[in-house]
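Results of the structural survey
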Amino acid sequence: MTHPKMLYTYVGIDSHKNAHTAVFINCFFEKIGELNFRNCQSHFETFFKRAQVHRPEGGTLMFGMEDCASFGLMLTKFLVGKEQSVKHVNALLVARERKNRNISEKSDSIDAECAARVLLSKFGELPEAEPDDTYWVLRSLVARRLLLVRHRSAAKNYLHSLLTHQYPNYRDYFENVDCKTSLAFLEQYPSPSTLKNTTVEELAAFLEIPSNKTVGLPKAKQILATLPDTTVQFQEVRDSVVQSAVRQVQFCIKEIDQLEDSISGFLKKFDCTLTSMAGIDTVTAAQLRSCIGDIKRFPTPAKLARYAGIAPVNYGSGKRDLQFANQRGNRELNAIFFWLAVRLSMPMGGNHYITNSFFYNYYQRKISEGKTKRQALKCVERRLVNIIWTMLTNNEEYVNPPVIEAPNEKL
């Protein structure tokens, strides 16, 4: 009787930006071939025809892709279109296989062979590769926004360092240096020397435009009355640097606003109900969907919790049975659940209002049971996983409890 594994030749593929490497092994872990080809649609057909040489008699090929979402996306879609069986081989499993084989070197050929060996040894356990452009586009939008947010923070911090020399008391004028009025003022008047011939009326008229008339004469009087004398050598060059930094902050803010509009519009394709929960805005919902992907990958909430690194890791030996925090999993998804748990279980705002009384009471109960704050937050994260998994699986909306004020206690 023929074993099912003997009906396949196992193809491990290590994908890169310019070229891919494919290694073929049989059911006895013997390497029987290797192919290198460019990451180009026109070369995929040639690769597929050459790969048929290694197909077993009466059997077929099974492909294992380490990367199905980035450099290997086009090839995955090509193979799926050819009605081939394509499995997603986790990069961690490939690295573990290389370590178990005691291989000190690392190359594309070795990684591809390790991917094929994992494909064979975990036959039937690995998930099917299901390339979906909608999730890829959503991940691209979220990643681009995150990059711009980091650039905005860096540009804003740099602008702060410049203003300590130009306007030492600039915080007295504008609390937020990246607000529209503040940026417009600094671009027009990058140093006190540029305000010497400006009257109160002229400055007030200028401030009214970017602020929609919410800032005017009082603020103009305050600025001109407390204007420091910071004129130094090469002042014009210093002013141009400040103006350049202001334009960079403005560019990042504009691009982030446009990306958030694109994210909001694209998120409608998923018929997403996550935004029905108070505390989850459009960006957070997009981050969750892009990290989780198709919820069908996780048959239970426990699987999603383990993927996010929220479920504890068990270490048992004999009579000892210990649990430790999981340091693996998707760290980006783990961070999203953490900050969401903080947002929902902690009093927020100047009036210390409670966004979600259910999670607040649940957090307080865990604290009263003797858990630390971090452990209590972990419990909230785990409960959030259950709720979000149910919302995504059943396409249900969340029913928010009423917003209440925090008890009068030391927070």
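None of the values given here were measured: they were computed from a predicted structure.

**Side note on the nonpolar core**
One finds L274, F337 and L384 to be the most contacted residues of the largest nonpolar core, which totals 51 residues. Contributing elements (two or more residues each) for this core: α5 (133-166), α9 (235-267), α10 (282-292), α11 (301-307), α12 (331-345), α13 (357-368) and α14 (373-394). Here this core takes 11 residues from α14, the largest share from any one element. Setting aside residues up to four positions removed in sequence, L274 forms contacts with I280, A285, L288, R289, I388, M391 and L392.

**A short note on the sheet that holds strand β3 (residues 31-38)**
Pairing in this open sheet of 5 strands is mixed, and the strands run β3-β2-β1-β4-β5 from one edge to the other. Pairing within the sheet leaves two strands with one partner each, and these edge strands are β3 and β5 (85-88). Across this sheet, the average inter-strand angle for adjacent strands is 25°, counted without regard to direction. Sheet analysis places strand β4 (residues 60-65) next to β5, joined by 4 bridges and oriented parallel. Within β5, the residue paired with G64 across the bridge is K87. The strands touched by helix α1 (residues 41-51) within the sheet are β1 (8-15), β2 (19-25), β3 and β4, with β3 carrying the most contacts at an inclination of about 170°.

**Structural notes on the packing of α1 against helix α2 (residues 73-81)**
To describe two helices that pack against each other, one gives the angle between their axes and the distance between the axes. Two elements in contact, α1 and α2, have axes separated by 11 Å at closest approach and are oriented at 50°. Looking at the two axes, α1 sits oblique to α2. Where α1 crosses over α2, the handedness of that crossing is right-handed. In this structure, α1 contributes Q41, F44, E45 and F48 to the contact, and α2 contributes M74, L75, F78 and L79. Each residue belonging to the contact of α1 with α2 can be placed in one class, and the counts come to 6 nonpolar, 1 polar and 1 charged.

**Points about the pattern of salt bridges**
When the charged atoms of two side chains with opposite charge come close together, those side chains can pair. Scanning all chains against the criterion turns up 11 salt bridges. Between E97 and R117 there is a salt bridge, with the nearest N and O atoms lying 3.0 Å from each other. Taken together, the positions of E97 in helix α3 (residues 91-100) and R117 in helix α4 (residues 108-121) put the pair 20 residues apart, joining distant regions of the chain. Residue classification places E97 among the buried residues on the basis of a relative accessible area of 15%. For E113, the salt bridge is made with R101, and the minimal N-O distance between the two is 3.6 Å. Of this pair, E113 sits in helix α4 while R101 is found in the loop between α3 and α4, placing the two residues 12 residues apart along the sequence. Residue E113 is classed as buried on the basis of its relative accessible area of 14%. Taking relative accessible area as the criterion, R101 reaches 30% and is therefore assigned partly exposed. Each of R98, K106 and D111 takes part in one network of salt bridges that share partners.

**Here's the deal with α9**
Over its 33 residues, α9 extends 48 Å from the first C-alpha to the last, a length consistent with the 48 Å expected when each residue adds 1.5 Å. When α9 is considered as a whole, its buried residues turn out to be Q235, D239, V242, A245, V246, V249, C252, I256, L259, I263, F266 and L267. On its buried face, α9 is in contact with α5, α6 (180-188) and α10.

The rules behind the values
- Residues numbered from 1 in each chain as written.
- Predicted model: local features only at pLDDT ≥ 70, side-chain atom pairs only at ≥ 80, totals over all residues.
- Heavy atoms only, no water.
- Core = buried A, V, L, I, M, F, W, Y, C linked by side-chain atoms within 4.5 Å.
- Buried < 20%, exposed > 50% of the residue type's maximum accessible area, 1.4 Å probe, protein only.
- Helix = DSSP H or I, 4+ residues; strand = E, 2+ residues; numbered from the N terminus.
- Contact = heavy atoms within 4.5 Å.
- Pairing = 2+ DSSP bridges.
- Axes fitted to C-alpha atoms, helices over the stretch in contact; angles between N-to-C directions.
- Parallel < 35°, antiparallel > 145°, perpendicular 65-115°, else oblique.
- Left-handed = near helix turned anticlockwise from the far one by under 90°.
- Nonpolar A, V, L, I, M, F, W, Y, C, P; charged D, E, K, R; others polar.
- Salt bridge = Lys/Arg side-chain N within 4 Å of Asp/Glu carboxyl O.
- Expected span 1.5 Å × (residues − 1).

Read these as geometric descriptors, not functional statements.
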